[in-house]
Amino acid sequence: MKKLWKNCHIATMQNGQYSSIEHAAMVTSGQHIHWIGTFEDLPADAYSETIDLNGAWVTPGLIDCHTHSVFGGNRSVEFEKRLQGVSYAEIAASGGGIASTVRATREASEQELLASALKRVRCLLKDGVTTIEIKSGYGLDYANERKMLRVIRQIADTLPMTVRSTCLAAHALPPEYKDQSDAYIEHICNEMLPKLHQEGLVDAVDAFCEYLAFSPAQVERLFKTAQSLNLPIKLHAEQLSALGGSSLAARYHALSADHLEFMTEDDVKAMAAAGTVAVLLPGAFYFLRETKYPPLDSLHQHGVRIALSSDLNPGTSPALSLRLMMNMGSTLFRLTPEQTLAGVTIHAAYALGLQETHGTLETGKVADFIAWDIEHPSEIVYWLGGDLPKRIIQHGQEISI
Ligand code: NIG
Ligand code: FE
């Protein structure tokens, strides 16, 4: 059953560029793209359905490759405190921050977590996100990490989206392991991760490598376990200080290292050589009022793929719009709209190991695309939030939003 999508222009995002086809058409067969090109070159064929896209610009479905969308409560009170001058690190040190979300998440039932997460993830879907990565990391013990990961799987069963789950048990030290961070890492490596993986709940492993979380040596221990389980690796690195986590991630051929404000030139070179994607999180940068920028020139110069993501989380980036993050990527990090769009399509696909199937529009790939009612793709980046008119097609089916 082939469907013809006609009367559109397409930014295929091949090679990380618009790679535009004007006056284009696309043919989908089931969940995949069967043919794509100019309308003029459309081969004669029989179609079960013809859909007129009314001159829309079509892009790949957006990919939000770093989120913490599942959590209990929220931290708006802490936001107020920070505006009165208390820092993120000070709040964390006095029992707030991640620890307070851990308390709220442990108290919430699976159903409650699912209901609150669905509201947030629906906002991203309505914004054009068809693939999302969601991390655990607010449970910090087997039962509660499992609860979070099960909720992530349920989100995949509920919404028309591709959902990847990442185990971030090494996000913070749980109260049960106070002053025993090595023992907690051992517990993750010996008990939690192997069990959660065996239950089919984990697609990748992440950690928070930071002076207020886990050291590079502890992260390396976790990476070895992840490798032995054949699980891909990601890392929160150099967000608040330079510990060399991004070089470590590169050494272990991580899919991505994320945040990266404090990374050095050597880290950039290591990531370039390993093909590890730099995931920049302008929402967290903005919300924490950071002043230290990731080394953008150096990342460009060494050809590191740059992805952008919402980092949707209650503490540092309560971001419900990936398009708003794209705008911030351009205004704060001086990425061109084209680089920004690559950052939430093909480069984000690389950051999830999905580059063979997602992230560009080409024959054989999954038919996830957005038909935007705009005059040029840069408009997707230009508008600040709001609801940009669009049609969302996931796996070859238009979804109602
Ligand atoms: O990506 N950096 C660590 N993790 C989150 C923040 C989580 C939180 O504060 O709840 C981040 O910014
Ligand atoms: Fe994060």
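What counts and what doesn't
Residues numbered from 1 in each chain as written. Chains lettered and ligands numbered in written order. Predicted model: local features only at pLDDT ≥ 70, side-chain atom pairs only at ≥ 80, totals over all residues. Heavy atoms only, no water. Domains from an automatic or database assignment. Contact = heavy atoms within 4.5 Å. Buried area = accessible area lost by both parts, 1.4 Å probe. Salt bridge = Lys/Arg side-chain N within 4 Å of Asp/Glu carboxyl O. Polar contact = N/O pair within 3.5 Å; in protein donor to acceptor, adjacent residues only side chain to side chain. Helix = DSSP H or I, 4+ residues; strand = E, 2+ residues; numbered from the N terminus. Axes fitted to C-alpha atoms, helices over the stretch in contact; angles between N-to-C directions. Parallel < 35°, antiparallel > 145°, perpendicular 65-115°, else oblique. Nonpolar A, V, L, I, M, F, W, Y, C, P; charged D, E, K, R; others polar. Donors = N, O, S within 2.8 Å, 3.2 Å for Na, K, Ca; no water. Buried < 20%, exposed > 50% of the residue type's maximum accessible area, 1.4 Å probe, protein only. Near = heavy atom within 4 Å. Areas by Shrake-Rupley, 256 points an atom, 1.4 Å probe, with all protein chains shown as cover. Pairing = 2+ DSSP bridges.

1. As for the domain arrangement of the protein
Once the domains are mapped, the protein shows domain 1 (2-60 + 360-399) and domain 2 (62-351). Look at where the C-alpha atoms of domain 1 and domain 2 centre, and you get two points 30 Å apart. Contact residues are listed per partner, giving 28 residues for domain 1 and 24 residues for domain 2. Buried surface at the junction of domain 1 and domain 2, summed over both partners, amounts to about 2000 Å²; 64% is from carbon and sulfur atoms. The interface formed by domain 1 and domain 2 contains 0 salt bridges. The tally of links from domain 1 across to domain 2 stands at 8 residue pairs in polar contact (both at pLDDT 80 or more). Considering every element that reaches the side of domain 1 that touches domain 2, the biggest residue donor is strand β14 (residues 390-394), with 4 residues.

2. Looking at the packing of helix α6 (residues 181-198) against helix α7 (residues 216-228)
In contact at an axis separation of 10 Å, α6 and α7 are set at 10° when each is read in the N-to-C sense. Considering the angle they form, α6 stands roughly parallel to α7. Seen from α6, the contacting residues are Ser181, Asp182, Ile185, Glu186, Ile188, Cys189, Asn190 and Leu193; seen from α7, they are Gln218, Arg221, Leu222 and Thr225. Considering only residue class, the contact of α6 with α7 consists of 5 nonpolar, 4 polar and 3 charged.

3. Focus on the coordination of the iron ion (ligand 2)
Coordination sphere of the iron ion (ligand 2), protein contribution only: His66 (NE2), His68 (NE2), His236 (NE2) and Asp311 (OD), at 2.1 to 2.4 Å. All donor residues of the iron ion (ligand 2) come from one chain, and their arrangement in sequence is H-x1-H-x167-H-x74-D. Linking His68 in the loop between β5 (62-64) and α1 (76-83) with Asp311 in the loop between β12 (306-308) and α12 (322-333), this pair joins segments that are 243 residues apart in sequence. The same class applies to His68 as to Asp311, namely buried.

4. Details of the site of ligand 1
Every one of the 15 residues lining ligand 1 counts as a neighbour, but Arg75, Tyr88, Tyr138, Asp311 and Thr316 are closest to it. Taking His68, its side chain carries an N or O atom lying 3.3 Å from an oxygen atom of ligand 1. One nitrogen or oxygen atom from the side chain of Gln239 is found 2.9 Å from a nitrogen atom belonging to ligand 1. For ligand 1, whose free accessible area comes to 330 Å², the fraction covered by protein is 100%. Considering only residue class, the shell around ligand 1 consists of 4 nonpolar, 9 polar and 2 charged.

5. Points about the pairing of strand β13 (residues 369-372)
Side chains of β13 alternate between two faces, with Phe369 and Ala371 and Ile370 and Trp372 buried alike. Here strand β4 (residues 49-60) pairs with β13 via 4 bridges, running antiparallel. Bridge pairing in β13 links Pro60 to Phe369. Judged from the 4 bridges that link them, β13 and β14 form a sheet pairing that is antiparallel. Residue Phe369 lies in a different strand from β14, and its bridge partner there is Ile393.

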